[in-house]
Amino acid sequence: MCASSCGTDGKYSVVVPALRKDSVGTSWKTPVTGDETIPISKFYLAKPVDSAATINAQLAAGKHLMFTPGVYHVTESININRANTVVMGLGLATITADQGAVAFRIADVDGVKMSGLLIDAGLVESPVLVEVGPVGSRANHSVNPTSLSDVYFRIGGNFSGQAKSSIVINSNDVIGDHFWVWRADHDGQALPVTWADNKSTNGLIVNGNDVTLYGMFVEHHNEYQTIWNGNGGRLYFYQSEMPYEMPTQASWMNGTSNGWASYKVADSVSTHEAWGLGIYSVALTNPLVKASTAIEAPAKPGIKFHNMTTVGISGEITHIINGRGDGVYTEGKFSLARLAE
């Protein structure tokens, strides 16, 4: 999304690529006009000792934000309120949401750009780790959308994390490129966790309209991995592993249905399209646990799915989408089913 460079004056700067539409291939082969070069002097270079209050004061003063490598602990939200603010991490800077904080709140403004960050859940449950636009956001950002690139979320792993969801997108026209949204299935010593550990209901929730996402990896959350409530959504490539640790079928029921689908499009949605979805059953604790379907979506002309795959490592996915498509069932053997349309 953004790249640092050294100009002819010997000073560092950050180059922000211009928005491209209807394009094919890489941007560096064909010259693109409109790229923005921001001098490093316009960034606040955050350090792990900084508090959210310190960072917010710099943002309020008009600075962009660059996190130097390290682990940051925040007990209140970092608030991105100014249009066209650039927020980027170096060396996979890690932001830990302590005391139930929301790590980042991005206002419903144009052109915010976030990249290169790992967001960790803390010991106390956060309602969400990153909120893009407040609830009820309505503004049209199609000319200058907010974008998030290479942003990763971790609930558990090094310690027992808790978050109801990892990222909620309320703003319209947001572009996401490469999210890893992970509820940990093991701890820092690679030991398996239990169903009661690292609680997280959902990974990704999209409420905004005309949101486009590329390269989504959403794994192991306790219920739906992804919920899409906004119209006009487009998704290109989705990889998802269902949870590992359900002890019984009764512990993982969506009403009267076995388990929870990975990818859920709300019944109220009228337009949505997705390409290339691979969803895995990995019920290692109890291989008899089943999920009725990998994908749930309303049967409407404006909702289209292309090239869906389910993979069985352990457990069962009975159908791929809405009762259609062969199931995958394993007795300790790998199996695969595809549905392409």
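You'll find the structure just up there.
Here goes a summary of the coordinates provided. Just so it is clear, the model here is predicted, and its values are computed rather than measured. (Residues numbered from 1 in each chain as written. Predicted model: local features only at pLDDT ≥ 70, side-chain atom pairs only at ≥ 80, totals over all residues. Heavy atoms only, no water.)

## Regarding the pairing of strand 8 (residues 86-97)
Working step 1: In terms of burial, strand 8 is a largely internal element, 9 of the 12 residues being buried.
Working step 2: As paired elements, strand 5 (residues 64-67) and strand 8 share 3 bridges and run parallel to each other. Its bridge partner lying in strand 8, F67 is registered against G89.
Working step 3: As defined by bridge partners, strand 6 (residues 71-74) adjoins strand 8 across 4 bridges and the pair is classed as parallel. Pairing of H73 across the sheet is with T96, part of strand 8.
Working step 4: As paired strands, strand 8 and strand 10 (residues 113-121) are joined by 8 bridges and run parallel to one another. (Buried < 20%, exposed > 50% of the residue type's maximum accessible area, 1.4 Å probe, protein only. Helix = DSSP H or I, 4+ residues; strand = E, 2+ residues; numbered from the N terminus. Pairing = 2+ DSSP bridges.)

## What to know about helix 1 (residues 52-60)
Working step 1: Among all positions of helix 1, only A52, I55, N56 and L59 are buried. Down the axis of helix 1, the buried set is contained in an arc of 100°. They therefore lie on one face.
Working step 2: Buried residues along helix 1 sit against strand 4 (43-46), strand 5, strand 6 and strand 7 (78-80).
Working step 3: After helix 1 finishes, the residue G62 shows a positive phi value of roughly 100°. (Arc of directions from axis to C-beta. Contact = heavy atoms within 4.5 Å.)

## Observations regarding the pattern of salt bridges
Working step 1: Evaluation of the coordinates by the stated rule reveals 5 salt bridges.
Working step 2: Residue D120 is joined to R154 by a salt bridge in which the shortest nitrogen-to-oxygen separation is 2.7 Å. Separated by 34 residues along the polypeptide, D120 in strand 10 and R154 in strand 12 (residues 147-155) bring together distant segments of the chain.
Working step 3: Residue classification places R154 among the buried positions, given a relative accessible area of 16%.
Working step 4: Note that K264 is salt-bridged to E296, the shortest N-O span being 3.2 Å. Placement of the pair is K264 in strand 21 (residues 263-265) and E296 in strand 23 (residues 290-296), with a sequence separation of 32 residues.
Working step 5: According to the relative accessible area criterion, E296 is buried, its value standing at 17%. (Salt bridge = Lys/Arg side-chain N within 4 Å of Asp/Glu carboxyl O.)

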